[in-house]
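Residues per chain are reported as follows:
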Amino acid sequence: GENVEQHPSTLSVQEGDSAVIKCTYSDSASNYFPWYKQELGKRPQLIIDIRSNVGEKKDQRIAVTLNKTAKHFSLHITETQPEDSAVYFCAARDNTGNQFYFGTGTSLTVIP
Amino acid sequence: IAGITQAPTSQILAAGRRMTLRCTQDMRHNAMYWYRQDLGLGLRLIHYSNTAGTTGKGEVPDGYSVSRANTDDFPLTLASAVPSQTSVYFCASRPQGADTGELFFGEGSRLTVL
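Note that the structure is predicted; figures quoted are calculated from it, not measured.

Visitor: Looking at this structure, I do not really get the nonpolar core. What am I missing?
Guide: With 24 residues, the main nonpolar core has Trp35(A), Phe73(A), Leu75(A) and Leu108(A) as its most contacted residues. Counting residues per element, the ones that place at least two in this core are strand 2 (10-14), strand 3 (19-25), strand 4 (32-38), strand 5 (45-51), strand 7 (62-67), strand 8 (72-77), strand 9 (86-93) and strand 11 (106-111) of chain A. With residues up to four places along the chain from it excluded, the contact list for Leu108(A) reads Leu11(A), Val13(A), Ala19(A), Ile77(A), Asp84(A), Ser85(A), Ala86(A) and Tyr88(A). By size, the runner-up hydrophobic cluster in this structure holds 18 residues, among which are Met19(B), Cys23(B), Met32(B) and Cys91(B).

This is the structure:
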């Protein structure tokens with residue numbers, strides 16, 4: 001099955017700086033890569049996603065890049081704000097569309 | 001009900017007891033999932049169902065069973081709970097056929113097995 005690795009496990013940045021979270025996946029057939037944000041005590045919620053036929057996608061301060069050859073994808077948050085503090089999960093969906101494999105999460109702290 | 005609802009929110013359970021976590025959605029989503037969340041391990045898939053009447057095993061199915069008698073409900077049962085099943089359990093759903101990775105999660109059920 002698919003194996004998704006995520007780094008770093010914790011990340012602290014100053015407010016206004018950028019944050020980058022990286023994930024790798026093992027199954028080249030995986031075709032969809034969502035990112036979820038989970039605030040403390042809350043449910044995970046989708047923030048951005050990218051399909052395997054796209055190299056980059058941006059939504060305001062958030063962007064995701066995908067390198068299919070290297071099988072890695074990254075989340076970029078620019079101009080970070082305290083409300084960006086949360087745990088972020090990457091995921092990969094297998095080509096059957098049935099299963100989503102999650103990374104182990106990155107706890108992001110934005111220091112005011 | 002709006003969205004996806006889980007019950008109970010929190011439960012303390014003695015080892016060996018049987019427990020069913022309930023999950024109900026009113027979005028008419030075909031696909032439903034159960035994940036467990038453990039610190040340092042992320043979200044791991046227990047079981048899933050693509051449509052009513054069908055279920056499948058995920059990454060960590062042992063000790064758990066599910067049923068999908070209708071579109072709305074997807075209960076997760078621990079037949080004989082063990083301490084290693086202490087975790088936060090999330091139910092999720094996704095519309096079938098939609099080419100999207102968006103899983104809609106419930107609020108979670110925190111289970112402690114003593």
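Back to the text.
Visitor: Help me out: how do you make sense of the interface of chain B and chain A in this one?
Guide: Put simply, an interface is often sized by how much accessible area is lost when its parts join up. Every contact between the two is made by 24 residues of chain B and, on the other side, 20 residues of chain A. Here chain B and chain A share an interface that buries about 1,900 Å² over both sides, 47% of which is from carbon and sulfur atoms. For the salt bridge of Glu107(B) with Arg43(A), the shortest nitrogen-to-oxygen distance reads 2.4 Å. At the boundary of chain B and chain A, one finds six residue pairs in polar contact (both at pLDDT 80 or more).

Visitor: How should I be thinking about the layout of surface pockets in this particular structure?
Guide: Vacant regions in the atomic arrangement are exposed by a probe of water-molecule size rolled over the atoms. Looking at the largest pocket, its volume works out to about 670 Å³. Secondary structure elements with two or more residues in the lining of the largest pocket: strand 9 and strand 11 of chain A together with strand 4 (31-38), strand 9 (87-94) and strand 11 (109-113) of chain B. It is strand 11 of chain A that provides the largest number of residues to the lining of the largest pocket, a total of four residues.

Visitor: Hey, could you run me through the side chain of Gln38(A) in this one?
Guide: Structurally, the position occupied by Gln38(A) is in strand 4. A residue is classified by how much of its surface remains accessible, and Gln38(A), at 8% relative accessible area, is buried. A polar contact is formed between the side chain of Gln38(A) and the side chain of Gln37(B), at a distance of 2.7 Å. In contact with Gln38(A), not counting residues within four places along its chain, are Arg43(A), Pro44(A), Ala86(A), Val87(A), Phe89(A), Gln37(B) and Phe90(B).

Visitor: Please clarify how the state of the cysteines should be interpreted in this entry.
Guide: Put plainly, two cysteines are in a disulfide when a covalent bond ties their sulfur atoms together. All told, the structure shown has two disulfides over all chains when counted by the stated rule. Two residues, Cys23(A) and Cys90(A), share a disulfide whose sulfurs are 2.0 Å apart. Measuring the twist about the S-S bond at about -100°, one finds the Cys23(A)-Cys90(A) disulfide to be left-handed. On the criterion of sequence distance, the pair formed by Cys23(A) in strand 3 and Cys90(A) in strand 9 is long-range, its members being 67 residues apart. Cys90(A) gets classed as buried once you look at its relative accessible area, which sits at 0%. Between Cys23(B) and Cys91(B) runs a disulfide, and the two sulfur atoms are separated by 1.9 Å.

Basis of the calculations
Residues numbered from 1 in each chain as written. Chains lettered and ligands numbered in written order. Predicted model: local features only at pLDDT ≥ 70, side-chain atom pairs only at ≥ 80, totals over all residues. Heavy atoms only, no water. Core = buried A, V, L, I, M, F, W, Y, C linked by side-chain atoms within 4.5 Å. Buried < 20%, exposed > 50% of the residue type's maximum accessible area, 1.4 Å probe, protein only. Helix = DSSP H or I, 4+ residues; strand = E, 2+ residues; numbered from the N terminus. Contact = heavy atoms within 4.5 Å. Buried area = accessible area lost by both parts, 1.4 Å probe. Salt bridge = Lys/Arg side-chain N within 4 Å of Asp/Glu carboxyl O. Polar contact = N/O pair within 3.5 Å; in protein donor to acceptor, adjacent residues only side chain to side chain. 1 Å grid on protein atoms, 1.4 Å probe; cavity = no way out; pocket = protein on both sides within 12 Å on 5 of 7 lines; lining within 4 Å. Points joined across faces, edges and corners; volume = space filled by probe spheres on them. Disulfide = S-S within 2.5 Å.

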